[in-house]
Amino acid sequence: MSQKGTPSIAKQVAILIVLTSLSLGALVWFGFAVASTVNQVTALPPSLYLEPALYGMLGIGLSLLSLCVMALLELLARLKKPLRKTTENRIFKILQPVLLGGVVAIFLLPVLIYFPLSAYLKNQGYSDCEDASYSGLRYQYIVFAKSEAACTQAAQE
């Protein structure tokens, strides 16, 4: 019988699996965003497509991964196989800054990557193509074009 307010072990394992899947998915998504950006910047095509918000996936992945480890430690304690208290304290001292750093990275990393990359692209002769860019609350999809013709073509696609 489980204690009042505490989920069953099966629910905790299911939550741990879901959180782990989400965190690994966010980290893979970040990896694809970086690979896509690097491929485009090295090839320097007539128009480049960037999604700066995807760089925040690193922060999401790290934050969720640290929550997964914390949940795993709680699950181990509940299964009567806890780690030594000093080891658990060391792990929590590492995980807390990772969790907070991940939350900060969600908002800060897209900005820290976008502005230097934008300056580099402008030095390479690119300009913002506002007709092809999409924005919601903030730009979600930013297009840089080397010429007006490339911007017009990107806007039509």
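See the structure above.
All values derive from a computational prediction rather than experimental measurement.

**Here's the deal with the overall build of the chain**
Logical step 1: When you go through the chain residue by residue, the secondary structure sums to four helices and four strands.
Logical step 2: Counting from the amino terminus, helix and strand elements in the chain follow one another as α-β-α-α-β-β-β-α.
Logical step 3: Taken over the C-alpha trace, the chain has a radius of gyration of 21 Å; the compact-globule value for 157 residues is 15 Å, which it surpasses by more than 25%.
Logical step 4: If you line up the chain on its principal axes, its C-alpha atoms span 70 × 30 × 25 Å.
Logical step 5: A burial count over the chain gives 31% of its 157 residues as buried.
Logical step 6: Of all intrachain contacts in the chain linking residues separated by at least 6 positions in sequence, the fraction that spans at least 24 positions is 69%.
Logical step 7: Working note: accessible area of the chain is about 10,000 Å², and carbon and sulfur atoms make up 67% of it.
Logical step 8: Averaging the coordinates of the 12 positive side-chain charges in the chain and doing the same for the 8 negative ones gives two points 29 Å apart.

**Examining the side chain of Ser 47**
Logical step 1: Tracing the backbone shows Ser 47 in strand S1 (residues 47-50).
Logical step 2: Looking at Ser 47, the relative accessible area reads 14%, which means it is buried.
Logical step 3: Sequence-distant contacts of Ser 47, defined by excluding residues within four places in its chain, comprise Gln 40, Val 143, Phe 144, Ala 145, Ala 150 and Ala 154.

**Side note on the environment of Leu 64**
Logical step 1: Structurally, Leu 64 is set in helix H2 (residues 57-78).
Logical step 2: Its relative accessible area of 18% is what places Leu 64 among the buried residues.

**Topic: the environment of Tyr 120**
Logical step 1: Residue placement: Tyr 120 occurs in helix H3 (residues 85-123).
Logical step 2: It is 9.5 Å that separates the C-alpha atoms of Tyr 120 and Val 41, two residues lying 79 residues apart in sequence.

**So, the nonpolar core**
Logical step 1: Within the largest apolar cluster, nine residues are counted, these being Val 41, Leu 48, Leu 50, Tyr 114, Leu 117, Leu 121, Tyr 126, Ile 142 and Phe 144.
Logical step 2: Going through the elements one at a time, S1, H3 and strand S4 (139-145) are the ones with two or more residues in this core.
Logical step 3: Examining the composition of this core, we find that three residues originate from one element, H3, more than from any other.
Logical step 4: If sequence neighbours within four positions are ignored, Leu 50 has contacts with Thr 37, Leu 117, Leu 121, Gln 140, Tyr 141, Ile 142 and Phe 144.

**Observations concerning a nonpolar patch on the surface**
Logical step 1: Taken together, the side chains of Ile 9, Val 13, Ile 17 and Leu 79 define a hydrophobic patch exposed on the protein surface, amounting to about 300 Å² of accessible area.
Logical step 2: As for its placement among the helices and strands, Ile 17 is situated in helix H1 (residues 9-43).

**Section: the packing of H2 against H3**
Logical step 1: One way to put it is that H2 packs onto H3 with a least axis distance of 7 Å and a crossing angle of 155°. Classed by the angle they form, the pair H2 and H3 counts as roughly antiparallel. Of the two elements, H2 crosses H3, and the hand of that crossing is left-handed. Here H2 contributes Leu 58, Gly 59, Ile 60, Leu 62, Ser 63, Ser 66, Leu 67, Val 69, Met 70 and Leu 73 to the contact with H3, which in turn contributes Glu 88, Ile 91, Phe 92, Leu 95, Gln 96, Val 98, Leu 99, Gly 102, Val 103, Ala 105, Ile 106 and Leu 109.

**Some thoughts on unusual backbone geometry**
Logical step 1: In this model, Leu 44 sits at a positive phi of 45°, which is unusual for a non-glycine residue.
Logical step 2: Leu 44 sits in the partly exposed class, given a relative accessible area of 26%.

The rules we used
Residues numbered from 1 in each chain as written. Predicted model: local features only at pLDDT ≥ 70, side-chain atom pairs only at ≥ 80, totals over all residues. Heavy atoms only, no water. Helix = DSSP H or I, 4+ residues; strand = E, 2+ residues; numbered from the N terminus. Rg over C-alpha atoms; globule rule 2.2 N^0.38 Å. Buried < 20%, exposed > 50% of the residue type's maximum accessible area, 1.4 Å probe, protein only. Contact = heavy atoms within 4.5 Å. Areas by Shrake-Rupley, 256 points an atom, 1.4 Å probe, with all protein chains shown as cover. Lys, Arg positive; Asp, Glu negative; His and termini not counted. Charge placed at Lys NZ, Arg CZ, Asp CG, Glu CD. Core = buried A, V, L, I, M, F, W, Y, C linked by side-chain atoms within 4.5 Å. Patch = residues over 30% accessible without salt bridge, like charges linked within 9 Å, V, L, I, M, F, W, Y side chains within 5 Å. Salt bridge = Lys/Arg side-chain N within 4 Å of Asp/Glu carboxyl O. Axes fitted to C-alpha atoms, helices over the stretch in contact; angles between N-to-C directions. Parallel < 35°, antiparallel > 145°, perpendicular 65-115°, else oblique. Left-handed = near helix turned anticlockwise from the far one by under 90°.

So far we have only geometry, and geometry alone does not tell us how the molecule works.
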